[in-house]
Structure formats: structure tokens, C-alpha cells
Amino acid sequence: MLDTVTAQALENQAFEIKPSPSGIGAEVIGIDLSKPLSDQDSKRISDAFNDHSVLVYRAQHLTPEQHIAFSRRWGTVQVNVRGEFNKPGYPEIYIVSNVIENGKPIGSQDAGRYWHTDICYLPKPTKCSLLYAHELPGQGLGDTMFASNIHPYEKLPERVKQRLAGKTAANSYRYMYDRKAAEFGLRPKLSQQEMKKYPDDAIHPVIRTHPETARKCIFVCEGYTTHILGMPNEESDELLGMLFEAVQQPGNVYRHKWQLGDLLQWDNCAVQHKVSFDYQLPLRRRLERTTVEAKDVPY
Ligand code: SIN
């Protein structure tokens, strides 16, 4: 999967992969992502990513170019549709921050309020996201939580799996935008005309197959999924409520406590995530995110 044109000649790095006791995620300790990776190191990382769904690369020192270059090793890097928080000079980098400069937010202040998978509102959602910590509010504040989409599916009763088989659901950017505008007041209320600049709903399978591991994943989230197609609203609400609850069980969650220099990479098919908004200015939180487009539409 990783681009390995010249990688055969490169030396392997000495790094350790330490799985989290939560059963989701692993730390990658001792790797330097500013350097090109050998074939063997790329394969170790790729395999670890498929096994653990979230990788925490500790103690990185990356320029924006290096952040983008490492992201490109996984596929085509996306440019966020919102635009206003793309890093100046680096449209592939999306800023997530509570910081206000010259009276204006420098990044998205409300990213991660609800459980979600990144960019599932597009026909080709995001394969993985890579979020790099630049400023943090303090130990144990602004944690990011990751929930497996795989384990709760495996625990569903057979009759529920059968009810969900072949079903699709609508995932809506505009629904999320309006909800956040109303609930947190950090986004301007947009007219119907302005809303047209954003994509139409994306229809994806409720249960999708992971393109690399072939494991079944729940692919609905409270942030973007509005309804399951082809059934009455009450039935759709009931099923979605049950799936959201199954995913969000505390025992199904890895809570990432950030350290400066962490680069976090997560698989948007295998996990969904949410941020803990338990800090405020003058405590500053600034992270920079790239997202890598999936190769195929979900199936
Ligand atoms: C996001 O990508 O949803 C933001 C995650 C974070 O701020 O930790």
C-alpha cells in the first residue's frame, strides 16, 4: 500500500509497536516519519494499521510538507470542503483549534463534537486521517476518543445482522452543519443558497466490508447519518439509535491522551471518533489534520 519506489535501498528503523490495553490502537515508538521508510518498515506499519485501526506515532518533528508527504504514502490527500480552515499555503492541511487570532478562529472550533467518521458525507469517504498535535491544553484535556466499528458489529444478534444486511443510509454534511450551528453557535447560519456549495447526501451501506481486512464494520454515525433508506422513520431511528449505542459503549472506546509531537493516524472504516471539549481559552489546542481519500466507494 505504501509507495515504495526507492524504499528497497533504505535502512530499516528500530521502532516498537505497542498495542493499547483497550484493544483499539497501538503506539509506534522510535520511528522518525520525517525520514523515508524502507519497504520492510512500510509493511510493518501497514500491517499494524490494519491490526489496530489507530496508530500513535510519538515524538514527531514534522514540517507541513513532511506531514503531507507521509499522508500521501497512503493515497490521494483530500482538500476539506469547508475551505476557510485549510492552512494558508497548504490546502491539504485542515486546522482544528479553539484559538482566536485578530478576532477570528484560526481553525474549526467544533470538529469532533459528535461521534463521526471523517468525510463520510462524500461518495468516496476518507480511508484514514492523520492528525498532528502542535499545541495542547494540558494533560488529560481535549482527549480524542476512538470507538471500534468492528467489535460491536460482531456482537450483534444474528436477527439484527439480517435486518441490516443490504441496507443503506444517508450521510449529510448539511445536517451536521445545521445541527452544530444551532447547538454551539460557532458557525454562521447559512441560507439554502449558501448550503448548495456543500455536497449532497452520500448514500453508504449501513454495514460495510473493510477493503483490506474484509471485516464487517458499522458505517453509521451520530454526526452525519440521518436515516436508513427504504423503511419508516421510526424503524430507522430505532435501528440507528441501537447502533450508535452499541458503538459508544465505554468498553468499546480507546481514549487518546495527547502529547506534543503525537501524529495520530486512524482508519475511518474501522473506527469512529469524538473529542472531549473539557478545556477553554486561555488553554490553547491546535492540531493539523490531513485526510486520505478511499480508493473505492464503500461496499
Ligand atoms: C476531528 O478530526 O474530528 C478532530 C479530532 C480532534 O480534534 O482531536
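Residues numbered from 1 in each chain as written. Predicted model: local features only at pLDDT ≥ 70, side-chain atom pairs only at ≥ 80, totals over all residues. Heavy atoms only, no water.

A. Just the overall build of the chain, in detail. When its secondary structure is counted, the chain shows seven helices and 18 strands. Over its C-alpha atoms the chain spans a radius of gyration of 19 Å, differing by no more than 12% from the 19 Å that the globule rule assigns to 299 residues. C-alpha extents for the chain along the principal axes are approximately 60 × 50 × 35 Å. Taken across its 299 residues, the chain has 54% of its residues classed as buried. Residue pairs in contact within the chain that sit at least 24 positions apart in sequence constitute 80% of those at least 6 positions apart. Accessible area of the chain: about 13,600 Å², with a carbon and sulfur share of 51%. (Helix = DSSP H or I, 4+ residues; strand = E, 2+ residues; numbered from the N terminus. Rg over C-alpha atoms; globule rule 2.2 N^0.38 Å. Buried < 20%, exposed > 50% of the residue type's maximum accessible area, 1.4 Å probe, protein only. Contact = heavy atoms within 4.5 Å. Areas by Shrake-Rupley, 256 points an atom, 1.4 Å probe, with all protein chains shown as cover.)

B. A look at the packing of aromatic side chains. With the rule as written, the count across this model stands at nine aromatic pairs. Ring geometry for Y121 against Y173: centres 4.7 Å apart, planes inclined by 70°, an arrangement best described as edge-to-face. In this pair, Y121 is assigned in the loop between β7 (104–105) and β8 (126–135) and Y173 in helix α5 (residues 173–184), connecting sequence segments 52 residues apart. Measuring from centroid to centroid gives 6.4 Å for F146 and Y254, while their planes differ by 20°, and the two rings are stacked. In this pair, F146 is assigned in strand β9 (residues 144–148) and Y254 in strand β15 (residues 253–256), connecting sequence segments 108 residues apart. Here the two residues F146 and Y254 agree in accessibility, since each one is buried. An aromatic cluster is defined as three or more aromatic residues linked by ring pairs; in this entry it consists of F49, Y57, F70 and W74. Over the ring of F15 we find R44, and its NZ or CZ is 4.1 Å from the ring centre. (Phe/Tyr/Trp six-rings, centres within 6.5 Å; stacked < 30°, edge-to-face > 60°. Lys NZ or Arg CZ within 6 Å of the ring centre and 35° of its normal.)

C. Molecular detail of the pattern of salt bridges. Counting across every chain of the model gives 20 salt bridges. Here E92 and R72 are joined by a salt bridge, their closest N and O atoms 3.1 Å apart. Of this pair, E92 sits in strand β5 (residues 90–97) while R72 sits in helix α2 (residues 64–72), and the two are 20 residues apart along the sequence. Take R72: its relative accessible area is 47%, and that puts it in the partly exposed class. A salt bridge links E101 to R284; its shortest N-O distance comes to 3.9 Å. Taken together, the residues span a long stretch of sequence, with E101 in strand β6 (residues 100–101) and R284 in the loop between β17 (271–275) and β18 (286–293) at a distance of 183 residues. For E101, a relative accessible area of 41% translates into the label partly exposed. Accessibility expressed as a relative area gives 33% for R284, which makes it partly exposed. What you see here is one network of salt bridges that share partners, running through K87, E101, E135, R284, R286 and E288. (Salt bridge = Lys/Arg side-chain N within 4 Å of Asp/Glu carboxyl O.)

D. Fine view of the site of the ligand. Around the ligand sit V96, G112, H116, D118, L131, T144, W266, H273, V275, R285 and R289, and that is every residue in its neighbourhood. Between the ligand and the protein, one listed contact pairs an oxygen atom with a side-chain N or O atom of T144 at 2.6 Å. Between the ligand and H273, the relevant distance is 3.0 Å, taken from an oxygen atom to a side-chain nitrogen or oxygen of the residue. Surface burial for the ligand is 100%, taken as the share of its 260 Å² of free accessible area covered by protein chains. When the residues that make up the shell around the ligand are grouped by side-chain class, the tally is four nonpolar, four polar and three charged. (Near = heavy atom within 4 Å. Polar contact = N/O pair within 3.5 Å; in protein donor to acceptor, adjacent residues only side chain to side chain. Nonpolar A, V, L, I, M, F, W, Y, C, P; charged D, E, K, R; others polar.)

E. Just the side chain of N252, in detail. Its place among the elements puts N252 in the loop between α7 (233–248) and β15. Residue N252 is classed as buried on the basis of its relative accessible area, which comes to 7%. Setting aside residues up to four positions removed in sequence, N252 forms contacts with I24, F146, A147, S148, H151, P152, A246 and V247.

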